[in-house]
Amino acid sequence: SLAPFVQSLHCMIILNAPTFFSLSWSIIKKLIDPRTAKRIQVFSRENKGMDRIKELIDESQLPTDYGGTNTSIADAIRQVQGAESNGREEVNMLFVDRRGKGTHSFELQKGETATITLHTRSSSSSQFVLSKGGVTIANISMRGVLSQNEKGAFTSSPTVKEV
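Along each chain, residue indices are assigned from 1 in the same order as the chain's sequence is written. Under the rules for a predicted model, residues below a pLDDT of 70 receive no local features and side-chain atom pairs below 80 are neither given nor counted, while totals for whole chains, interfaces and linings still include all residues. Hydrogen atoms and water are omitted, and side-chain values are computed over all heavy atoms in the structure.

*Asks:* I'd like a rundown of the pattern of salt bridges, residues and numbers included.
*Replies:* One side-chain nitrogen of Lys or Arg within 4 Å of one carboxyl oxygen of Asp or Glu is enough to make a salt bridge. Using the criterion set out here, one finds two salt bridges in the structure. Residue R35 pairs with D33 through a salt bridge whose shortest N-O separation is 3.2 Å. Under the scheme applied here, a residue whose accessible area is under 20% of the maximum for its type counts as buried, over 50% as exposed, and between as partly exposed, the area being computed with a 1.4 Å probe on protein chains only. Here R35 falls in the partly exposed class, since its relative accessible area comes to 49%. A relative accessible area of 32% places D33 in the partly exposed class. As a salt-bridge pair, E55 and R52 come within 2.9 Å of each other at their nearest N and O atoms. Taken together, the positions of E55 and R52, both in helix α3 (residues 46-56) and three residues apart, correspond to about one turn of that helix. On the accessibility criterion, E55 (58% relative accessible area) is exposed. Relative accessible area serves as the criterion here: at 22%, R52 is assigned to the partly exposed category. Each helix is a run of DSSP H or I of at least 4 residues and each strand a run of E of at least 2, with the numbering of both proceeding from the N terminus.

This is the structure we're talking about:
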């Protein structure tokens, strides 16, 4: 019996769920424990989901990236790195829209160089385009193939095609 194991899930909110998942959820939730099902909330519309998150979490605790007033995720990363950083660092969590597109722009100052590190959780593939002044410099393709490095971390090696 699992009776001695207390449920540890307070609430799970799924934001920006595809419409087909929201419809499927009405069937799926009938197949799991009712106590668990009532703790999972699925939102296809971001604004309704964010309203629910703000009911549960004080805005002072939410990063500005999620509509709160706390430090942004990028600023929090910079604070943790502190003196370890040897220059400017751009950190961006890219949210992809329903068409599978998202953008992030930044400008380099004269004499400044950039190292771009991409992370994706895509199980199939992701395409990134690096451009300057509207002209494509490189096409970067990341496949959902992971390899394990010597430290045990999983990484994906991008294929870069310079233009």
